[in-house]
Amino acid sequence: MRTTRREMLGLTIAATLVPAASLRAARGATIQAVAFDAFAIFDPRPIAALAERFFPGRGRELVEAWRTRQFEYQWLRALSGRYADFQKSTADALDFAADLLGLDVPADARRELLGSYLKLTAWPDVADGLMALKQAGLRSALLSNATPAVLHAGIASARLDGLFEQVLSTDARRTYKPDPRAYRMAVDGLHLRADEILFVPSAGWDAAGAKAFGYRTFWVDRMGLPAERLDLVADGVGRGFGDLLAYLATIRGA
């Protein structure tokens, strides 16, 4: 997992939270709902910590190779018409990464690493941020490449029950973002137009894909990464929910 130049700003929402009253002013604007990628909500850092515990000094290297191949396998399978879901692609990617790095991954370590995706917790600013959106009358949804099992386990583990109106997995359409069919799930699930939904990704490529589909986008760039060179950039960028809420408070249906 790539380290940041600094720790995520505003981990405690109390320091930066825009009052719900300010957000209510935006209710008459175009945006009526916010759709989140899973990892704008769930914190993957414990997975990297677990890998480092099993492979001291090489955990970060393993996670970086694993994560890269995880996305590649999803996209390649979708493009080739040989779909496999998030959990299968994640398992295959871990096995490849271990082989690539010459690491022997015992069965119990493999089981625990893969199982960590069913024990995700939220970033520290998420619960209060989602409550602020709900109090402002803005609808919230998850739109993720992860399976329903991963998403619902994360919601339960992070104690976010009742904060998402829709939990949408691209597994239902046997594809992955950035396929337009995947992004359309939020339009169909929320019964809104694309321009009435703010999409909040955790990755730059997802911001570009959502923008191409027609969503306004706010990239929660928790890792402090540069924008992808994909000709499309997010409408807004920030490091957490404080920045997201501030952005929402400034838009007036443009």
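Preceding this section is the structure that the text describes.
Being a predicted model, the structure only gives us computed values, none of them experimental.

Visitor: Tell me about the side chain of T170, and please be specific about residues and values.
Guide: Within the element layout of this structure, T170 appears in the loop between β5 (166-169) and α9 (180-190). On the basis of relative accessibility, which here comes to 0%, the residue T170 falls in the buried class. Contact partners of T170, with chain neighbours within four places excluded, come to L143, S144, N145, T175, Y176, K177, A182 and M185.

Visitor: How would you sum up the environment of L192? Please name residues and give values.
Guide: Within the fold, L192 resides in the loop between α9 and β6 (197-200). The spacing of L192 and Q32 is 160 residues in sequence and 8.2 Å in space, taken between C-alpha atoms. Once residues within four sequence positions are removed from consideration, L192 is found in contact with Q32, A33, R139, V187 and I197.

Visitor: Outline the side chain of S144, supporting the account with residue identities and numerical values.
Guide: Looking at the secondary structure, you find S144 in strand β4 (residues 139-144). On the basis of relative accessibility, which here comes to 2%, the residue S144 falls in the buried class. Residues contacting S144, with those up to four places away along its chain left out, are D37, A38, L151, L168, S169, T170 and K177.

Visitor: Explain the sheet that holds β4 to me, and be specific about the residues and the numbers.
Guide: With parallel pairing, six strands are arranged side by side in an open sheet as β5-β4-β1-β6-β7-β8. Looking at strand neighbours, the two that pair on one side only are β5 and β8 (236-238), the edges of this open sheet. With direction set aside, neighbouring strand axes in the sheet form an average angle of 20 degrees. The pairing of strand β7 (residues 216-220) with β8 spans three bridges and is classified as parallel. The residue of β8 that forms the bridge with W219 is V237. α9 rests against β1 (33-36), β4, β5 and β6 of the sheet, and its axis sits at about 150 degrees to β4.

Visitor: I'd like a rundown of unusual backbone geometry, residues and numbers included.
Guide: Backbone geometry follows two general trends: most residues other than glycine have a negative phi, and most peptide bonds adopt the trans configuration. In the segment running from K177 into P178, the intervening peptide bond is cis, with an omega of 15 degrees. On the secondary structure map, P178 appears in the loop between β5 and α9. A positive phi is found at R159, a non-glycine position, where the angle reads about 60 degrees. Mapped onto the elements, R159 comes out in the loop between α8 (148-157) and β5. Although it is not a glycine, R174 sits at a positive phi angle of roughly 50 degrees. Within the fold, R174 resides in the loop between β5 and α9. Classification of R174 by relative accessible area gives exposed; the value is 52%.

Visitor: Any details on the packing of aromatic side chains? Residues and values, ideally.
Guide: According to the stated counting rule, one finds 16 aromatic pairs in the structure shown. Here F36 and F164 contribute two aromatic rings whose centre-to-centre distance is 6.5 Å and whose plane-to-plane angle is 80 degrees, an arrangement assigned as edge-to-face. Of the two residues, F36 sits in strand β1 while F164 sits in the loop between α8 and β5, which places them 128 residues apart along the sequence. Grouping residues by exposure puts F36 and F164 together as buried. Considering the side-chain rings of F39 and Y117, the 6.5 Å spacing of their centres and the 90 degrees angle between planes classify their relative orientation as edge-to-face.

Visitor: Which residues make up the pairing of β5, and what values go with them?
Guide: Note: β4 against β5, four bridges, orientation parallel. Along β5, the bridge assignment pairs L143 with L168. With α8 bridging β4 and its parallel neighbour β5, the resulting β-α-β unit is right-handed.

Visitor: Which residues make up the pairing of β1, and what values do they have?
Guide: Of the two faces of β1, the one holding A33 and A35 and the one holding V34 and F36 are both buried throughout. Alignment of β1 against β4, held across four bridges, turns out to be parallel. Across the sheet, the residue bridging to A35 is A141, located in β4. Across four bridges, the pairing between β1 and β6 is parallel. Across the sheet, A35 pairs through a bridge with F199, a residue of β6.

Definitions and limits used
Residues numbered from 1 in each chain as written. Predicted model: local features only at pLDDT ≥ 70, side-chain atom pairs only at ≥ 80, totals over all residues. Heavy atoms only, no water. Helix = DSSP H or I, 4+ residues; strand = E, 2+ residues; numbered from the N terminus. Buried < 20%, exposed > 50% of the residue type's maximum accessible area, 1.4 Å probe, protein only. Contact = heavy atoms within 4.5 Å. Pairing = 2+ DSSP bridges. Axes fitted to C-alpha atoms, helices over the stretch in contact; angles between N-to-C directions. Phe/Tyr/Trp six-rings, centres within 6.5 Å; stacked < 30°, edge-to-face > 60°. Right-handed = clockwise from strand over helix to strand, strands pointing away.

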